[in-house]
Structures are given as structure tokens and as C-alpha cells.
Amino acid sequence: MAVKNRSRGVWWSRFHFVIRFLGLTGLLVGGVALAAAFVLGLIPPMTSWNDAREAGVNLYEKALTPAGDETVLWTTRLLLIGTAAAVVAVLFEILQTLRTTAGRRSAFGFNVVVQTVLAVALLVGLNFWEFEHPLRFDWTRDRQFTLAPKLADELRQLKGETTVVVYQRHKTAGALSEKPDAYDFAAERKVVEKVKDLVDQLREFGSRFRVEVLDVEEEGYNDKLAALTEHAKDLRDAIEAAPENSIFFYSPGKQGSNNESGRLAPRGAVPASRSEAATLAGSVQRLSFNEFYQLDKAASQKANDGNGNLVLLKQGVEPFARKVLNIDEKRPVVGVLVIHEVLTTQGPEYLGLAGMKKALASRGFEVRDIILKKWSELGPPEPTVTTFDESKLERLEEDLASLDAEIKAMEEESKALHEMQKDWKSAPLAELTKKYAKQLDGVQVTERIRQLNLPRIEQNVVLLDFALKQYREERDETAKQKAGINVENAAEQRRMTDVKAKLARSLAECDLIFIPRMTLINVNLSDRIPNRLYRLGDAQVAAIKDYMKGGKPVLACFGPPNDPPNERPDMTGPTGPDEMEKVLGDLGIRFGKQTVLFNAESKSFAERRSGLIVGSGNVEVPPVEFDWKSDALLASNQLASRERPRPEQPNPIREAMQITAHSQGKDLDIRVRHPRPIYFEGSKDAPPLFDPVFMVTSAASWNDDQPFPGRERTPRFEPGKDDPNKGTVDEKRRGPFPIGVAIETKTPAAWYAEGAGKPTSIRVAAIGHGGLFVGTELSPAKETLLLNTCNWLLGRDDRLPQAEQVWQYPRVALTSQAHWLWRWGGWLALPIGFAYLGLVVLLVRRLR
């Protein structure tokens with residue numbers, strides 16, 4: 001009997017060992033497979049029990065799918081096998097423990113089992129409940145990690161998943177800083193950290209947030225980007241177009257059949273084949289780092305007596321939350337009103353506004369061209385309203401008609417030449433003499449004459465065929481361009497003949513209109529577009545005025561109106577300011593009559609007079625200024641009389657540009673050549689809410705109503721003794737001159753007929769140069785000016801840089817001795833301290 005019991009005990013212990021060994025091995029294999037699954041992206045981030053259950057189902061389905069990636073297949077299988085082995089071993093141990101405890105038949109054993117079960121249940125239950133109901137406590141003094149109640153209520157209404165992508169391009173403020181320094185990189189790291197902190201707060205409000213960090217300098221960046229945007233082409237396009245460090249918010253749209261969950265591909269996931277991929281039509285919003293936390297480099301360099309603390313200007317949680325709450329918001333539409341197709345956003349480099357469109361489009365704007373004149377070789381331009389596609393379609397149709405006529409005539413000529421070539425090759429001499437008697441003046445054709453004329457005819461045939469081929473290729477290319485236009489929509493627009501109604505219809509779709517008038521380009525070379533060409537018709541001005549009556553904003557960039565003294569006066573129409581300038585004048589904006597010239601241009605004017613015009617177009621004028629003493633400016637330009645109250649509030653655009661310059665630790669480099677002074681003449685009864693001027697020229701300048709150099713005159717500052725404009729803003733004097741004005745005022749009551757409406761609040765900005773935003777690329781400083789101006793005009797003041805909340809992160813500079821103490825203190829002091837505490841505990845225990 002004893003032998004039998006011993007034999008049973010040996011086999012049982014061996015079986016027990018095998019079970020334990022398999023469980024331990026399964027735990028090891030499962031752990032390795034779990035780590036591999038995370039690397040391959042098979043296990044997405046989980047914030048709820050449903051996420052965990054869905055991830056388990058997906059792993060189970062992948063393990064049972066024979067066809068697929070071998071790495072994914074065996075990873076999932078080993079994970080399931082290892083988990084199963086570990087679970088079986090744990091269950092076996094639990095049963096064995098229960099059997100042993102129950103076999104003792106003692107109350108002590110039963111109590112142990114009950115206590116163990118209760119402890120496990122309590123541990124598992126509390127963790128499960130906490131996973132679904134997390135609690136956070138903000139114990140900071142100013143509760144900086146607590147959202148405002150109103151914002152929290154709005155966030156609680158969110159449903160679905162939002163992906164937050166932190167994109168580190170290592171360029172800040174639209175590349176204002178071409179060479180990022182230690183402050184820029186430190187600010188990047190803190191912004192990423194702050195984004196993660198904020199997302200942790202947002203996760204409490206129902207919507208599921210997922211944060212991904214993309215660093216262009218990180219190894220494997222392209223693979224990570226491809227996996228993240230496998231089913232989100234619009235997100236990838238937005239990331240690739242971002243000019244600076246940005247935060248993207250993505251909400252997937254309706255999904256194709258290959259991805260029913262409606263999510264982005266998990267981090268590190270193996271991309272599906274292109275034939276199986278389903279592209280999402282999701283919503284993307286972009287927030288630059290500077291719209292969240294803006295670096296104040298100048299303050300950082302001066303903080304704490306030069307110790308170099310990092311100073312950030314907190315822009316608030318609202319810009320971040322707004323992108324989440326309004327992820328599907330409509331893009332603001334900017335209408336660009338120009339007089340010719342070459343001046344649109346699709347015009348040539350030196351006249352078009354492609355850079356402006358690119359800058360606005362990358363920040364969430366939509367830009368539309370509206371052409372206001374129709375040009376003809378037979379007469380003056382006529383007022384009209386066309387889109388770029390309409391204008392292009394009309395031009396292409398004219399080109400096609402002309403090319404068709406040319407091709408038809410050349411085909412007839414080619415046919416005649418080929419017949420002539422055939423005749424001169426094979427026809428009898430007598431027949432040639434008879435057929436071409438008129439061309440030959442009765443000369444008898446001989447074989448010698450045939451051989452002399454035949455090469456000339458053949459050469460003409462080759463040249464004509466080559467030209468005909470070119471014309472046909474040009475015609476095919478023109479027809480291809482026409483096919484790329486929505487002809488039906490353009491034709492519908494062309495059927496409208498009422499200019500005012502058509503312009504009103506186009507403006508109704510715009511949230512902001514931009515009216516550029518580029519006049520003087522280079523006075524040395526008389527390179528300009530005459531100001532009279534920009535005059536608008538009465539119906540067009542009336543439509544724009546009706547648009548402004550609705551409280552919609554306008555950005556007017558009008559260049560100087562001056563003409564060369566030797567130019568013939570235009571006898572085809574009126575001269576002087578047009579009705580559009582008068583409309584803005586009703587709001588208090590007055591455009592100067594002169595051109596601002598700079599002292600730096602004097603040398604080029606002298607060279608021009610002596611005939612040395614080489615390089616006269618490359619004069620570097622001083623940059624504009626956003627930081628000046630208001631008192632000096634008001635006094636020098638006589639902008640206000642003593643009776644008119646002075647505004648105390650600073651101009652918001654000027655303040656935003658100053659904050660941006662402070663952020664970079666240097667002045668913004670915006671150079672404007674040949675600008676026009678602009679003034680604000682408000683009434684005593686309606687003083688401005690803030691300082692209207694936001695941009696001025698350098699003091700090294702003067703105004704001149706004849707800026708064109710010639711043989712008889714070189715422009716220079718010569719104060720006139722008998723100046724008829726003396727004592728007014730048009731008096732000839734030295735700078736600085738205001739060339740940028742922004743106002744918020746009421747529309748004049750005179751604009752409304754009795755009982756037809758009442759004045760409304762409107763924002764208008766005017767800049768004294770029409771070519772400030774011309775070019776295929778805008779400089780970073782010009783981009784910043786454009787965006788700040790447009791955002792303010794649209795009433796989005798919260799998107800302007802703010803300096804109210806200053807946040808400092810001390811970067812402690814340690815001496816070599818302090819560094820040595822902290823290093824060895826961490827390595828030795830902590831272990832010694834814990835050893836001491838352990839010995840004290842041992843001594844206390846021995847007191848028993």
C-alpha cells in the first residue's frame with residue numbers, strides 16, 4: 001500500500017511539474033507575442049472595456065485567417081496559445097489549492113479560501129470599475145489642469161473617436177526662424193508635453209482621443225506616417241502641406257468595406273494592399289504650436305538675469321478645444337477681386353497671388369477669384385463679373401476659334417503645296433508652263449527650271465507641315481484645358497448679364513473680400529499698372545457697398561495713384577479717386593495722394609538720371625515698423641487735432657505682430673517699396689475704439705507726388721515754402737508714414753434709405769500697397785501679417801497671438817560641482833538611505 005501511494009505521489013508531482021512548466025512557458029511565449037503585437041500595431045490604444053473586447057476579437061480572427069502576413073499570423077497564434085497555456089496552469093493551481101485547503105476540513109482553511117477569493121474579487125473589481133470611471137484631482141493653486149465648466153459641458157456632447165497628431169517639423173511660426181536654436185527645441189518638447197496633458201483632460205468627456213507624435217527626424221518616420229494615414233489621404237495631404245510645427249485633429253468619415261470600425265490604422269500596423277485600401281473622407285483641422293503655446297524668445301533670453309528660463313505665452317485651451325468641437329466647421333471663404341486674369345491667384349509669378357492662396361489654404365481658408373473687367377483689343381475694358389474659370393473658358397474658346405481658323409487655312413495651303421510639289425515632280429514641262437503661266441510671266445519651263453524650283457517647293461512643304469503640326473498640338477492642348485473646366489457651370493454664370501446681381505451673388509458666398517490694386521512696381525523703370533485701370537463701375541461699387549452693409553469685412557490694398565509727368569492724360573474716362581475709395585472714405589479711411597520714397601533709393605534715382613539703370617530695381621528699402629512711439633507718429637503726421645480724443649487701446653493687428661516679433665527675438669522683415677500713406681479721420685462723435693494704425697514706414701522716408709525720376713528731375717526731399725497742402729496730411733514731409741490702418745466702426749447712416757436698414761458694425765483694413773502679397777511664395781513675416789489681418793477681420797480675435805498668460809519653465813544651470821553632487825547623490829545616497837531604513841526596521845523587529 002505504501003508503495004502504491006508513493007508511486008501515485010511521484011507521478012502526481014511530475015504531472016504537476018509539467019503543468020507548471022507549460023504554464024510558465026506559455027506565460028513567457030505570450031508575453032513575447034504580446035510585445036510583438038504592440039510593435040506591429042495589432043493592439044490599438046484602449047480606453048474602455050469595449051475597446052479591449054474588440055481588440056481580443058480582432059486578434060482571434062487574425063489567428064484563424066490562413067491567408068495574410070506570416071508575421072501577423074504567427075504572432076497572434078503564439079499569443080493565443082501562450083495565453084491559453086497560462087490560463088490552464090492558473091486554473092489548475094486554483095483547483096489544487098482549493099482541494100488541499102478543503103481536505104484539511106478546518107475552519108482555518110475555509111477562512112483562508114474565503115479571504116483569498118474576496119481579496120482577488122476586490123482587487124479585480126476595483127480596478128475594473130476604476131478603468132471605466134477614472135477620477136482626477138487638480139491640486140494646483142490656479143487649477144491649471146481643470147477645464148472651464150462651459151467648455152466641459154460642450155465636450156461631454158462629443159461622440160466617436162478623434163485622433164490628435166502632434167507633428168514636429170522643427171519649424172516654428174511658419175519658418176520665421178530659419179535656424180531653430182535651443183529655445184525653439186525646448187519649446188517644442190514642452191508643447192508636446194502640454195498637448196498630452198490636455199488630451200488626458202479631454203478624455204474625461206466622452207469622446208475617445210488618441211494621440212500620435214510624428215517627428216520628421218525620427219527613424220522610421222515615413223513608415224509611421226504611412227501606417228497612420230493608410231486610410232486617411234486627406235490627413236496625409238494636410239500633414240505634408242503643413243509649413244510649421246502643428247497639431248492635427250482628425251475625425252474619420254464614412255468608411256469603406258475594408259475598415260468597418262471607422263478608425264485610423266493603429267500605430268505600426270502593416271498597411272493593407274492598395275487594391276484593398278478604402279480611402280476615408282474625414283475632417284481635418286490644424287493648429288500650429290504657436291496657436292497653443294507661443295515661445296517668447298526675447299523674454300526667455302532675459303529671464304532671471306540671463307539664466308535662460310523658457311518663457312511661453314499660453315494661448316489658452318480654447319483654440320485647442322475649438323478645433324475638436326468644430327472639426328467639421330465651414331472653411332472661411334476669401335473672395336479676391338481683381339481686374340484681370342493675370343492678377344488672380346493663378347496668375348504669373350510677378351503679378352499673381354499664388355503665394356497668398358497657398359498661405360491661406362494651408363490655414364483652413366478657401367480662396368476664390370472674381371474678375372471684374374472684360375478686356376478687348378478694340379476698346380476700353382468693360383465692367384463684368386466672372387470667375388477665373390469663366391474668364392479662362394472665354395479665352396480658351398477664343399483661342400480655339402482662332403486656332404481652328406489658322407489650321408483650316410494652313411491645311412488648304414498645305415494641300416495646294418503638295419499638289420504643286422507633285423506637279424513639279426512628274427508633270428510634263430508643257431503642262432507646267434501652261435498651268436503656272438501667270439506665276440512665271442510666260443517663261444517657258446525647262447528641266448533646269450524644274451530642278452531649281454523643286455527644292456524650294458519641297459522646303460516650303462516641310463516648313464508648312466511642321467508649323468501645321470505645332471498648331472494642331474497647341475489646339476489639342478487648348479482643348480484639353482477646356483475639358484478640365486466645368487463648362488456647364490461656367491456657361492450658367494455667363495448667362496447672367498446683370499453686373500450688380502451677379503457680383504452680389506458671388507459676394508454672398510464670401511466671408512471676406514480682398515481688393516488688391518498693384519500700381520507702382522518700379523518707378524526707376526516706370527514699371528507700373530495705371531491706377532485708372534482699377535476704376536470700378538457704379539453697379540460693382542453698389543454691390544460691394546451692399547455686401548459691407550451686411551457687416552462683412554473688407555481688406556483693401558491700394559497702391560499709389562501717381563502717373564509719370566510726361567504721360568498723356570487719359571481722355572477715355574474720369575480721373576482721380578474712384579467710387580470704391582469714396583466708399584472707404586465714408587468709413588473714415590483716407591488714402592494719401594503721394595508715394596512714399598526712401599532715402600536708400602536716392603542713389604538709384606541718381607544712377608537712373610545718368611543712364612546707369614543696371615541694378616536699379618534691387619534697392620533694399622528699410623523694413624516696415626510695428627513698434628513705434630504713438631505720440632511721435634500722431635504729431636508728425638497730424639492724424640488728430642487737439643480736440644479729437646486719442647484711443648487708449650492698441651491696435652490688435654499691431655499688437656499681434658509685436659508679440660510675434662518678440663517671440664522670434666528680432667524685428668519682422670517686411671519690406672514695402674513705393675507704398676501709399678493711409679490715414680484715419682474719424683469724427684469727434686465717433687472716436688475709434690483703438691489706435692487705427694498698425695503699420696508704418698521707416699523714418700528715413702518722405703512723400704512725393706512725382707516719384708518718377710527723369711532727365712530733368714531726381715526725386716529728393718525738398719520741403720516747399722509755398723506748399724498748398726501745408727498743415728494737412730498731404731504736406732510734403734519726412735516719415736514715418738502710416739501705411740496700414742484697421743478699424744471697427746459703424747456703417748454710415750447715409751448708406752441706407754429711410755426705413756431700409758440701420759447701421760451695423762463692420763471691420764475694415766487698408767494697406768497702402770497692392771503688391772504686398774504678390775508672388776508664388778510669401779515670406780514668413782508676410783504670411784504672419786496676412787493671417788493676423790484676415791483672422792481679425794473675420795472676428796476671430798482669439799486666433800491672434802496673446803500675451804496675457806505667461807508660463808515659465810526654469811531650466812536650472814548647474815555648476816560642475818553641483819552636477820557632481822547630484823550625480824553621486826542619486827547613485828549612492830538613495831541606496832544608503834534605503835539600507836539605513838531597512839536596518840532600522842530589522843532592529844525594531846528584534847525588540848520583540
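Residues numbered from 1 in each chain as written. Predicted model: local features only at pLDDT ≥ 70, side-chain atom pairs only at ≥ 80, totals over all residues. Heavy atoms only, no water.

J.: Hey, could you run me through the overall build of the protein in this one?
T.: Scanning the protein from N- to C-terminus turns up 24 helices and 21 strands. Relative to its 848 residues, the protein shows a buried fraction of 42%. Within the protein, contacts between residues separated by at least 24 positions form 79% of all contacts whose residues are at least 6 apart in sequence. Surface accessibility of the protein: about 47,600 Å² in total, with carbon and sulfur atoms responsible for 56%. (Helix = DSSP H or I, 4+ residues; strand = E, 2+ residues; numbered from the N terminus. Buried < 20%, exposed > 50% of the residue type's maximum accessible area, 1.4 Å probe, protein only. Contact = heavy atoms within 4.5 Å. Areas by Shrake-Rupley, 256 points an atom, 1.4 Å probe, with all protein chains shown as cover.)

J.: Can you help me understand the packing of helix α11 (residues 354–361) against helix α23 (residues 780–793) in this one?
T.: When two helices pack together, their arrangement is given by the angle between their axes and by how far apart the axes lie. Packing of α11 against α23 brings their axes to within 10 Å, and their N-to-C directions diverge by 60°. Classed by the angle they form, the pair α11 and α23 counts as oblique. You can see that α11 and α23 cross each other, and the crossing is right-handed. Here α11 contributes M356, A359 and L360 to the contact with α23, which in turn contributes E783, L786, L787 and C790. Among the residues making up the contact of α11 with α23, the classes are represented as six nonpolar, no polar and one charged. (Axes fitted to C-alpha atoms, helices over the stretch in contact; angles between N-to-C directions. Parallel < 35°, antiparallel > 145°, perpendicular 65-115°, else oblique. Left-handed = near helix turned anticlockwise from the far one by under 90°. Nonpolar A, V, L, I, M, F, W, Y, C, P; charged D, E, K, R; others polar.)

J.: I keep staring at helix α22 (residues 652–664) and nothing clicks. Help me out?
T.: Since the α-helix turns once every 3.6 residues, residues separated by three or four places project in the same direction. In a regular helix each residue adds 1.5 Å, so 13 residues correspond to 18 Å; α22 covers 19 Å between its end C-alpha atoms and thus fits that length. Within α22, 10 of the 13 residues are buried, which leaves the element mostly enclosed by the surrounding structure. Of the residues flanking the start of α22, the one acting as N-cap is N651, its side-chain oxygen 2.9 Å from the backbone nitrogen of I653. (Expected span 1.5 Å × (residues − 1). Polar contact = N/O pair within 3.5 Å; in protein donor to acceptor, adjacent residues only side chain to side chain.)

J.: Even after reading the chapter, I still don't get the nonpolar core, so can you show me in this structure?
T.: It is characteristic of soluble globular proteins that their nonpolar side chains tend to be buried jointly. If you look at the biggest cluster of nonpolar residues, it comprises 48 residues, and the most contacted ones within it are M356, L360, F514, I670, F773 and L785. The element that contributes the greatest number of residues to this core is α23, accounting for seven residues. Sequence-distant contacts of F514, defined by excluding residues within four places in its chain, comprise V334, G335, V336, L337, L353, M356, L555, C557 and F773. If you look at the next biggest cluster of nonpolar residues, it comprises 37 residues, including V333, L503, I544 and V741. (Core = buried A, V, L, I, M, F, W, Y, C linked by side-chain atoms within 4.5 Å.)

J.: Honestly, the pattern of salt bridges in this entry has me stumped. Any pointers?
T.: It is possible for side chains of opposite charge to pair when their charged atoms get near one another. Following the criterion strictly, the structure yields 22 salt bridges and no others. In this structure, the salt-bridge partner of R590 is E681, at a minimum N-O distance of 3.3 Å. Linking R590 in strand β14 (residues 589–591) with E681 in the loop between β16 (678–680) and β17 (693–696), this pair joins segments that are 91 residues apart in sequence. Across the pair E744 and R763 runs a salt bridge, and its minimum N-O distance is 3.4 Å. Taken as a pair, E744 in strand β19 (residues 738–746) and R763 in strand β20 (residues 761–767) lie far apart in primary sequence, 19 residues in all. (Salt bridge = Lys/Arg side-chain N within 4 Å of Asp/Glu carboxyl O.)

J.: Can you help me understand the packing of aromatic side chains in this one?
T.: A ring pair, where both rings are aromatic, is described by two values, the distance of the centres and the angle of the planes. Here the structure, examined in full by the defined rule, presents four aromatic pairs. On the numbers, 6.2 Å between centres and 65° between planes, the contact of F514 with F773 is edge-to-face. Taken together, the residues F514 in strand β10 (residues 512–517) and F773 in the loop between β20 and α23 connect sequence positions 259 residues apart. What makes F773 buried here is its relative accessible area of 1%. Sitting above the plane of the F558 ring, R517 keeps its charged end 4.4 Å from the centroid. Just above the ring of Y752 sits the side chain of K549; from NZ or CZ to the centre is 5.4 Å. (Phe/Tyr/Trp six-rings, centres within 6.5 Å; stacked < 30°, edge-to-face > 60°. Lys NZ or Arg CZ within 6 Å of the ring centre and 35° of its normal.)

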